[in-house]
Amino acid sequence: MIENVCVSLKTVKQFVAENPAFTYGGMRKLINLETINGMKSSGSVVRIGRKVFIDTNKFYNWIQTQNGL
């Protein structure tokens with residue numbers, strides 16, 4: 001049973017629209033390399049069927065770990 005979990009899922013297009021610092025192509029490349037760059041182990045990419053979502057909270061945490069913060 002899943003308890004109250006605050007998850008903020010956005011499609012890649014929604015994420016890019018709300019965060020203009022990231023481009024669609026740049027995000028797709030990060031997602032395609034998720035096993036290499038650590039996004040997969042961070043849980044920031046969620047797949048439901050063919051849909052790909054970004055868990056924004058986990059993505060921002062992953063960004064901070066990339067910069068040693």
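Described in the following lines is the structure provided in the data block.

Analysis parameters
- Residues numbered from 1 in each chain as written.
- Predicted model: local features only at pLDDT ≥ 70, side-chain atom pairs only at ≥ 80, totals over all residues.
- Heavy atoms only, no water.
- Helix = DSSP H or I, 4+ residues; strand = E, 2+ residues; numbered from the N terminus.
- Buried < 20%, exposed > 50% of the residue type's maximum accessible area, 1.4 Å probe, protein only.
- Contact = heavy atoms within 4.5 Å.
- Areas by Shrake-Rupley, 256 points an atom, 1.4 Å probe, with all protein chains shown as cover.
- Core = buried A, V, L, I, M, F, W, Y, C linked by side-chain atoms within 4.5 Å.
- Pairing = 2+ DSSP bridges.
- Axes fitted to C-alpha atoms, helices over the stretch in contact; angles between N-to-C directions.
- Phe/Tyr/Trp six-rings, centres within 6.5 Å; stacked < 30°, edge-to-face > 60°.

Let's shift gears to the overall build of the protein. A count of helical and extended segments in the protein gives five helices and three strands. From first element to last, N terminus to C terminus, the protein shows the α and β order β-α-α-α-α-β-β-α. Out of the 69 residues in the protein, the part that is buried amounts to 29%. Sequence separation of at least 24 residues holds for 47% of the intrachain contacts in the protein that already meet a minimum separation of 6. Carbon and sulfur atoms provide 55% of the accessible area of the protein, an area that totals close to 5100 Å².

Turning next to the nonpolar core. General note: in soluble globular proteins, nonpolar side chains tend to be found buried as a group. Counting residues in hydrophobic clusters, the biggest one holds eleven residues: Val12, Phe15, Val16, Met27, Ile31, Met39, Val45, Val52, Ile54, Phe59 and Trp62. Breaking this core down by element, the ones donating at least two residues are helix H1 (12-18), helix H2 (24-32), strand E3 (51-55) and helix H5 (56-66). Once residues within four sequence positions are removed from consideration, Val52 is found in contact with Lys10, Thr11, Val12, Arg28, Ile31, Val45, Val46 and Arg47.

Strands sit in the order E1-E3-E2 across an open sheet of three strands; the sheet is antiparallel. Two strands bound the open sheet, and with one partner strand each, they are strand E1 (9-11) and strand E2 (45-48). Looking at each pair of strands side by side, their axes are set apart by 40° on average, direction ignored. Contacts between H2 and the sheet are confined to E2 and E3, with E3 contributing the most and set at about 95° to the helix. Packed onto the sheet, H5 meets E1 and E3 and runs at close to 60° relative to E3.

Below, the discussion takes up the packing of aromatic side chains. In the structure shown here, the tally under the stated rule is six aromatic pairs. Consider the rings of Phe22 and Phe59, whose centres lie 5.4 Å apart with planes at 75°: the pair is edge-to-face. Residue Phe22 is located in the loop between H1 and H2, and its partner Phe59 is located in helix H5; the two are separated by 37 residues in the primary sequence. Chaining the aromatic ring pairs together yields one cluster made of Phe15, Phe22, Phe59, Tyr60 and Trp62.

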